[in-house]
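Here's the letter readout for the chains.
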Amino acid sequence: MAHVHILGICGTFMAGIALIAREAGHRVTGSDANVYPPMSTLLAEQGIAVSPGEDLAQLDPAPDVVVIGNALSRGHPVVEAVLERGLRYTSGPQWLSEAILQSRWVLAVAGTHGKTTTSSILAWMLESAGFQPGFLIGGVPGNFPVSARLGGSDFFVIEADEYDTAFFDKRSKFVHYRPRTAVLNNLEFDHADIFDDLAAIERQFHHLIRTVPGHGAVVAPADDEALTRVLAQGCWSEQIPLSAPGGWQMRSLSEDWSQFELTDPAGATAQVSWTMLGAHNARNAMAAAAAARHVGITVTQSAGSLRRFEGVRRRLETRGKVGGTVVYDDFAHHPTAISETIRALRARVGDEPIIAILEPRSNTMKQGHHRDALTASLAGADAVHVLEPAQLGWSLSETLQPLGARAQVHQTVESIVQAVGHDSVSPMRRHLLVMSNGGFEGIHARLLQRLEDA
């Protein structure tokens with residue numbers, strides 16, 4: 001049993017590494033500057049000790065290996081100590097690849113949007129079919145008590161992120177996973193802090209394709225221009241197209257896509273009725289079903305598991321209801337995801353007011369790369385409240401001006417909480433859709449409390 005010490009252990013991915021390492025029999029400790037739920041709670045429940053982020057005592061006695069998260073860089077006191085003392089260190093993706101994935105059938109889900117949901121669906125499909133997969137998912141899937149586990153078979157589902165690996169390894173995380181089944185959901189420009197343009201991301205996706213063996217498969221939509229360019233650079237594996245003649249198809253049976261039909265390339269069909277909303281989630285389900293078919297699970301079996309799929313935390317998750325007002329939490333932070341989320345909710349609630357509450361906190365958004373698309377992405381909401389990050393560098397008020405009086409820009413979360421409490425939109429039946437890829441200063445609970453006090 002080795003002592004594995006993880007720097008940045010409270011990030012979703014690194015916490016998953018911790019859970020898997022402990023399940024594999026290792027002694028696991030870690031540290032983080034930001035210890036917060038749900039991962040801090042999950043780690044505590046698993047008996048994994050977490051130290052303060054910059055406490056050098058965490059390296060005494062020296063661990064067998066230090067796994068360094070990609071949020072840490074040169075200059076961090078513990079990183080510097082690891083280097084000065086000559087301790088053995090590695091990245092999370094490399095440790096996972098060498099210690100866990102080497103002999104597994106890896107099913108990797110990549111793409112700009114939908115990775116967490118698609119990975120959760122795919123893991124559940126395999127679980128429902130009796131495959132007992134291992135998995136590491138960048139969120140908390142409703143059908144499992146944990147976000148990561150070792151599993152009881154050769155199959156391993158992983159959310160394959162294109163973000164860089166570590167301060168000493170600037171390749172995308174997913175190049176370490178060497179999948180036999182690769183799902184490419186979609187591809188748009190994102191992560192402006194590490195990628196100069198879309199072409200740079202496309203190169204990383206092609207590096208992923210280069211690692212898929214000849215007897216493996218690449219699942220990808222036929223109508224995504226960026227992925228079409230990626231595949232045109234070369235593909236040495238079976239290609240399983242989505243939404244293409246002769247490939248997988250889906251057809252809506254309800255306006256909100258809570259009911260739809262799946263058809264596999266052989267023409268077999270199955271109807272799905274589930275709790276998820278939106279065409280984007282139906283596409284996620286289709287991609288997962290195509291990957292599951294590659295390991296022998298039929299479309300009928302997949303449809304059955306979808307009916308029992310319990311969703312993912314922070315994906316149109318209902319956080320509470322006060323009177324006629326429902327508060328939702330969603331991870332959307334890219335204009336495409338914002339638009340899809342509002343559209344999905346609109347299909348469910350009809351003419352009832354939707355109040356979109358957004359924290360534009362991603363580096364790509366802050367740098368203004370999505371500025372031109374932001375207004376259109378919010379247009380489907382009846383009212384819009386946006387928190388302006390400090391030192392943004394561009395004007396949110398000017399950008400949202402086409403929305404007129406529907407849009408308000410705020411400097412504090414408390415300002416949003418108070419404004420929504422006095423919103424001109426009728427309070428009798430309304431939907432507060434909170435969108436952020438961070439904690440948003442606990443705005444969900446604060447909104448619910450404000451509504452209770454009103």
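Since the model is a prediction, treat every value here as computed from it, not as a measurement. (Residues numbered from 1 in each chain as written. Predicted model: local features only at pLDDT ≥ 70, side-chain atom pairs only at ≥ 80, totals over all residues. Heavy atoms only, no water.)

**Q** Is there a simple way to explain helix α1 (residues 12-23) in this structure?
**A** A turn of α-helix holds 3.6 residues, and therefore any two residues three or four places apart point the same way. The first and last C-alpha atoms of α1 sit 17 Å apart over 12 residues, in line with the 16 Å expected at 1.5 Å per residue. Restricting attention to buried positions, one finds in α1 the residues Phe13, Met14, Ala15, Gly16, Ile17, Ala18, Leu19, Ile20 and Ala21. Directly after α1, the chain includes Gly25, whose backbone phi takes a positive value near 105°. (Helix = DSSP H or I, 4+ residues; strand = E, 2+ residues; numbered from the N terminus. Expected span 1.5 Å × (residues − 1). Buried < 20%, exposed > 50% of the residue type's maximum accessible area, 1.4 Å probe, protein only.)

**Q** Mind showing me how you'd approach the sheet that holds strand β13 (residues 217-221) here?
**A** Remark on secondary structure: sheet strands pair via backbone hydrogen bonds, oriented parallel or antiparallel. Spatially, β8-β7-β9-β6-β12-β13-β14 is the arrangement adopted by the 7 strands of the open sheet, whose pairing is mixed. Looking at which strands have only one partner, the edges of the open sheet turn out to be β8 (148-149) and β14 (238-242). Sheet topology note: the strand β7 (residues 134-136)/strand β9 (residues 155-159) ladder contains 3 bridges and is parallel. Across the sheet, the residue bridging to Leu136 is Ile158, located in β9. (Pairing = 2+ DSSP bridges.)

**Q** How do you make sense of the packing of aromatic side chains when you look at a structure like this?
**A** Each aromatic ring pair is summarised here by two numbers: the centre-to-centre distance and the angle between the ring planes. Scanning the model with the defined rule gives 10 aromatic pairs in all. Between Phe131 and Phe155 the ring centres are 5.1 Å apart and the planes differ by 40°, which places this aromatic pair in the tilted class. Of this pair, Phe131 sits in the loop between α5 (115-128) and β7 while Phe155 is found in strand β9, placing the two residues 24 residues apart along the sequence. Ring geometry for Phe174 against Phe205: centres 5.1 Å apart, planes inclined by 80°, an arrangement best described as edge-to-face. Taken together, the residues Phe174 in the loop between β11 (169-172) and β12 (181-184) and Phe205 in helix α6 (residues 198-210) connect sequence positions 31 residues apart. Per residue, the accessibility class of Phe174 equals that of Phe205, and both read buried. (Phe/Tyr/Trp six-rings, centres within 6.5 Å; stacked < 30°, edge-to-face > 60°.)

**Q** Just checking my understanding: could you explain the sheet that holds strand β15 (residues 249-252) for this structure?
**A** Taken together, 3 strands build an open sheet; the order of strands is β15-β16-β17 and the sheet is antiparallel. Sheet topology places β15 and β17 (269-273) at the edges, where each strand pairs with a single neighbour. Here the strands of the sheet are splayed against their neighbours by 25° on average, with no regard to which way each runs. Sheet topology places strand β16 (residues 259-263) next to β17; 5 bridges connect them, and they run antiparallel. Looking at the pairing, Thr263 lines up with Thr269 of β17. Those strands touched by helix α8 (residues 279-294) are β15 and β16, and its axis lies near 150° from that of β15. (Axes fitted to C-alpha atoms, helices over the stretch in contact; angles between N-to-C directions. Contact = heavy atoms within 4.5 Å.)

**Q** Just to check I follow, could you spell out helix α7 (residues 225-232) for this structure?
**A** Buried residues of α7: Ala226, Leu227, Val230 and Leu231, and no others. What you see down the axis of α7 is that its buried residues fit within an arc of 135°, all on one side. With respect to the buried face of α7, the exposed residues turned more than 90 degrees away are Glu225 and Ala232. Among the structural elements, β12, α6, β13 and β14 are those in contact with the buried residues of α7. The N-cap residue of α7 is Asp224: its side-chain oxygen and the backbone nitrogen of Ala226 are 3.2 Å apart. One or two positions beyond α7, positive phi appears at Gly234, with a value near 135°. (Arc of directions from axis to C-beta. Polar contact = N/O pair within 3.5 Å; in protein donor to acceptor, adjacent residues only side chain to side chain.)

**Q** Whenever I open this one, the environment of His5 confuses me. Can you help?
**A** With respect to the element layout, His5 can be found in strand β1 (residues 3-7). Counting along the chain gives 26 residues from His5 to Ser31, while the straight-line C-alpha distance between them is 8.0 Å. In contact with His5, other than residues within four places in its own chain, are Thr29, Gly30, Ser31, Gln58, Leu59, Pro63, Val65, Val66 and Val67. Among the polar contacts listed, one links the side chain of His5 to the side chain of Gln58, at a separation of 2.7 Å.

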